[in-house]
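Topology and contacts: notes
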Protein chains: 2
Amino acid sequence: MTAANKPAWIAADWGTSNVRFWAIGTDGSVLGERTSADGMGSLVASEYEGVLNQSCNEWLETATMVVACGMVGSRQGWVEAPYQTTPCAVCPTKMVKAPVERDGLTVHVIPGIRQTDPADVMRGEETQIAGFLAQNDGWDGIICLPGTHTKWVHVSAGEVVSFQTCMTGELFALLAEQSVLRHSVSDDGWNEEAFIDAMSQTLSRPERMAGQLFSLRASQLVHDTDSQTLRARLSGLLIGAELASTKPYWLGQNGALIGAEAVSQPYVAGLAAQGVAVTRADATDMTLAGIKAAHAMLETR
Amino acid sequence: MTAANKPAWIAADWGTSNVRFWAIGTDGSVLGERTSADGMGSLVASEYEGVLNQSCNEWLETATMVVACGMVGSRQGWVEAPYQTTPCAVCPTKMVKAPVERDGLTVHVIPGIRQTDPADVMRGEETQIAGFLAQNDGWDGIICLPGTHTKWVHVSAGEVVSFQTCMTGELFALLAEQSVLRHSVSDDGWNEEAFIDAMSQTLSRPERMAGQLFSLRASQLVHDTDSQTLRARLSGLLIGAELASTKPYWLGQNGALIGAEAVSQPYVAGLAAQGVAVTRADATDMTLAGIKAAHAMLETR
């Protein structure tokens, strides 16, 4: 790095299992990146500053500010950054400072968002949404963030209006890896036709869902159905149920999807089968863009 | 036991995790009972006779026949007793003999039942149904056998017409003990009003199911809802989805429920809320009655 472009601040995506740091230069460019397994789940509050010092030691020679999002701001994190409540601005206005011992360093934590009725919470996704809005000024519509707990978020006029979480990713993992279905469902592989067929079934007849899960196991025993087809069918049944539940969100809406390729693909295919096209964006890119947008708000205060 | 009433044969309920033996006297009465953890899951085919000899040694001085139901007859069991296919007689006509070394001993294994479309299987429950029919001659209607994998069985004119399995019990255990909901759902306790409310919601609006699971976790974080209420709500959501899926079975039907008290109670309450009254029967009693009915068929051949 040149003398003219030293690390001015550090962006941090501090989740439950991992943390990712970026050194941001005086001109806003990314000068370096670090990841570690020191996630919120393995730390007590007093340990966060040590992880930061260890991972970003030479960056901190010049950087004087950290802006962090994710579970670092939960009650069990470094400092609790109380949820904003919907409807609320996409870009956070109430960041919270974490306690630090190092002179001249300030750590700002981005709050999550909660909804009162129906009860729902997010922490981390709000930053990806802020990043998407920063890159798509004035965007209105639905943002889907697929993952372990997929979020469906209605964004309008720069505000998060409402959102809904479906724990489809976690349910798929539990059923495929730990239930009786593990004997019948492959670890990988795919059958797109079986996926679309199963998804369409639960989307159009969600009341049949409960009876169709064990049928995957029985289908192997009775018809010797292959395990890749059954894996795609399980995914289709669950995503169909999710699309049935979130229909008021996506039906006839402008859609965007923020996520990694593997986890996004079934949602893109499922929505396409319903005639809904989505704009795609990468989750990591949006997180960084969102933290930069939050940093810009701090600078202009 | 008197000289006049020695063990004439042995009834066995041989499941995946456990086996239960009963010594049956010449007059048909139960003379003794044994249980062991030597279930199908921990045995290879050649080990079954040893378990039988060890558990029932003195009974085998006079008993010359064993009649067994359950996973003992699966492909991974003692001997494969191929499934009967629906529609089929409730009381099994095609028992299979297991290979034994002991002179003068015959072991008969009761087959399970399969359905081709939609694919489904049972092994063990068919014997409970046979027991119920043996005690309720000419009974027509729906039999629900709640458990890890709950079975809904349409019985008419002494035949199993069709059936449907819902893995609600397994799903509840996975979600309550291993998902993110474990932080919010108690290990025991109950809230009947919350159960009925949640059950009614998914029964009337099954399409909303996928969005309501994470809401249990969020409800604790946002509203500090107590964990016993959330446990009952989770059970209600899942049983409501099962009742939605099995509505063609129970709606306007004559119903019976075979199961232990704890696992049966939510089903009884859920069906009662829909105006469906059910006859209750104990699972172990029905298993023994079913094995006796199968034994009687062998005797009259």
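All values derive from a computational prediction rather than experimental measurement.

**A look at the interface of chain A and chain B**
On the chain B side, the residues contacting the 38 residues of chain A number 38 residues. Interface area, chain A with chain B, both sides summed: about 3,000 Å², of which 71% is carbon and sulfur. The largest share of the area that chain A buries against chain B comes from Met 167, Phe 214 and Val 222 of chain A, three residues that together contribute 20% of it. Between chain A and chain B we count 0 salt bridges in total. In this assembly, chain A and chain B are joined by 11 residue pairs in polar contact (both at pLDDT 80 or more). Counting residues per element, the ones that place at least two in the side of chain A that touches chain B are β9 (113-115), β10 (120-122), β13 (159-166), α3 (168-178), α5 (209-223) and α6 (227-245) of chain A.

**Section: the packing of α6 of chain A against helix α8 (residues 261-273) of chain A**
Residues and elements named next belong to chain A. Orientation of α6 relative to α8, taken along the N-to-C sense of each, is 60°, at an axis distance of 11 Å. Classified by the interaxial angle, the pair formed by α6 and α8 is oblique. α6 and α8 meet at a crossing whose hand is right-handed. Here α6 contributes Ser 235, Ile 239, Glu 242 and Leu 243 to the contact with α8, which in turn contributes Pro 266, Tyr 267, Gly 270 and Leu 271. Partitioning the contact of α6 with α8 into residue classes produces 5 nonpolar, 2 polar and 1 charged.

**Focus: the domain arrangement of chain A**
Parsing chain A into structural domains produces domain 1 (7-115) and domain 2 (166-281). Put simply, the middle of domain 1 of chain A and the middle of domain 2 of chain A, counted by C-alpha atoms, are 35 Å apart.

**So, the relation of the copies chain A and chain B**
With an RMSD of 0.0 Å, the operation that places chain A on chain B is a rotation of 180° combined with a shift of 0.0 Å along the axis. Seen this way, the second copy is the image of the first under a two-fold rotation axis. When each C-alpha of chain A is compared by its distance to the rotation axis, Pro 206 of chain A comes out closest, at 3.0 Å. When you check the interface residues of chain A against chain B, 100% turn up at the interface there too, and the contact is symmetric in its surfaces.

**Describing the nonpolar core**
Counting 50 residues, the largest nonpolar core has Leu 175 and Leu 234 of chain A together with Leu 175 and Leu 234 of chain B as the members making the most contacts within it. Breaking this core down by element, the ones donating at least two residues are α3, α5 and α6 of chain A together with α3 (168-178), α5 (209-223) and α6 (227-245) of chain B. Leu 234 of chain B has contacts with Phe 172, Leu 175, Ala 176, Leu 181, Val 185, Leu 213 and Leu 216 of chain B, leaving out every residue within four places of it along the chain.

**Some points on the sheet that holds strand β7 (residues 96-98) of chain A**
Strands in a sheet are paired, the pairing made by backbone hydrogen bonds, and the direction either parallel or antiparallel. All names here are of chain A. What the 6 strands build is an open sheet, ordered β3-β2-β1-β4-β8-β7; its pairing is mixed. The two strands at the open ends of the sheet, each matched to only one other strand, are β3 (30-36) and β7. Taken over all neighbouring pairs, the strand axes of this sheet differ in orientation by 25° on average, direction set aside. The sheet contacts of helix α9 (residues 283-299) involve β1 (7-14), β2 (19-25), β3, β4 (65-69) and β8 (106-109), and relative to β4 the element is tilted by about 130°.

**Regarding the packing of aromatic side chains**
Scanning all chains against the criterion turns up 14 aromatic pairs over all chains. Residues Trp 14 of chain A and Phe 21 of chain A carry aromatic rings whose centres are separated by 5.3 Å and whose planes lie at 85° to one another, so their mutual orientation is edge-to-face. The same class applies to Trp 14 of chain A as to Phe 21 of chain A, namely buried. Between Trp 152 of chain B and Tyr 267 of chain B, the aromatic rings sit 6.4 Å apart at their centres with planes inclined by 55°, giving tilted as the arrangement. Of this pair, Trp 152 of chain B sits in strand β12 (residues 150-156) while Tyr 267 of chain B sits in helix α8 (residues 261-273), and the two are 115 residues apart along the sequence. On the basis of relative accessible area, Tyr 267 of chain B is assigned to the buried category, the value being 4%. A cation sits over an aromatic face here: Arg 123 of chain A above Tyr 83 of chain A, 4.4 Å from the ring centre.

**So, the confidence of the model for chain A**
Across chain A, the average pLDDT comes to 95, with 99% of residues at 70 or higher. Scored as a whole, the predicted complex attains pTM 0.93, and scored at its interfaces, ipTM 0.93.

**Focus on the side chain of Ser 74 of chain A**
Within the secondary structure, Ser 74 of chain A is located in the loop between β4 and β5 (84-85). Once residues lying within four places of it in the same chain are set aside, the contact partners of Ser 74 of chain A are Met 40, Val 79, Glu 80 and Arg 123 of chain A.

**Side note on the pairing of strand β4 (residues 65-69) of chain B**
Residues and elements named next belong to chain B. Counted residue by residue, β4 has 5 buried out of 5 residues, so it is predominantly covered. Burial of the side chains of β4 extends over both faces: Met 65, Val 67 and Cys 69 are buried on one face and Val 66 and Ala 68 on the other. In the sheet, strand β1 (residues 7-14) pairs with β4 via 5 bridges, with the strands oriented parallel. Following the sheet pairing, Ala 11 is matched in β4 by Val 67. Across 4 bridges, β4 lies against strand β8 (residues 106-109) in parallel orientation. What sits directly across from Ala 68, in β8, is Val 109.

**What to know about the pairing of β8 of chain A**
Alignment of β7 of chain A against β8 of chain A, held across 3 bridges, turns out to be antiparallel. Directly across from Ala 98 of chain A, in β8 of chain A, lies its bridge partner Val 107 of chain A.

**Structural notes on unusual backbone geometry**
With glycine set apart, most residues show a phi of negative sign, and most peptide bonds adopt trans. Along the chain, Thr 86 of chain B connects to Pro 87 of chain B via a cis peptide bond; the corresponding omega equals -10°. Locating Pro 87 of chain B in the fold gives a position in the loop between β5 (84-85) and β6 (88-89). Across the junction of Asp 117 of chain B and Pro 118 of chain B, the peptide omega takes the value -5°, indicating a cis bond. Within the secondary structure, Pro 118 of chain B is located in the loop between β9 (113-115) and β10 (120-122). With a phi close to 50°, Ala 157 of chain A is a non-glycine residue in the positive phi region. Within the secondary structure, Ala 157 of chain A sits in the loop between β12 (150-156) and β13. The phi torsion at Asp 224 of chain A lies on the positive side, around 60°, for a residue other than glycine. Position of Asp 224 of chain A among the secondary structure elements: in the loop between α5 and α6.

Calculation criteria
- Residues numbered from 1 in each chain as written.
- Chains lettered and ligands numbered in written order.
- Predicted model: local features only at pLDDT ≥ 70, side-chain atom pairs only at ≥ 80, totals over all residues.
- Heavy atoms only, no water.
- Contact = heavy atoms within 4.5 Å.
- Buried area = accessible area lost by both parts, 1.4 Å probe.
- Salt bridge = Lys/Arg side-chain N within 4 Å of Asp/Glu carboxyl O.
- Polar contact = N/O pair within 3.5 Å; in protein donor to acceptor, adjacent residues only side chain to side chain.
- Helix = DSSP H or I, 4+ residues; strand = E, 2+ residues; numbered from the N terminus.
- Axes fitted to C-alpha atoms, helices over the stretch in contact; angles between N-to-C directions.
- Parallel < 35°, antiparallel > 145°, perpendicular 65-115°, else oblique.
- Left-handed = near helix turned anticlockwise from the far one by under 90°.
- Nonpolar A, V, L, I, M, F, W, Y, C, P; charged D, E, K, R; others polar.
- Domains from an automatic or database assignment.
- Least-squares fit on C-alpha atoms with pLDDT ≥ 70 in both.
- Core = buried A, V, L, I, M, F, W, Y, C linked by side-chain atoms within 4.5 Å.
- Buried < 20%, exposed > 50% of the residue type's maximum accessible area, 1.4 Å probe, protein only.
- Pairing = 2+ DSSP bridges.
- Phe/Tyr/Trp six-rings, centres within 6.5 Å; stacked < 30°, edge-to-face > 60°.
- Lys NZ or Arg CZ within 6 Å of the ring centre and 35° of its normal.
- pLDDT = per-residue confidence, 0-100.

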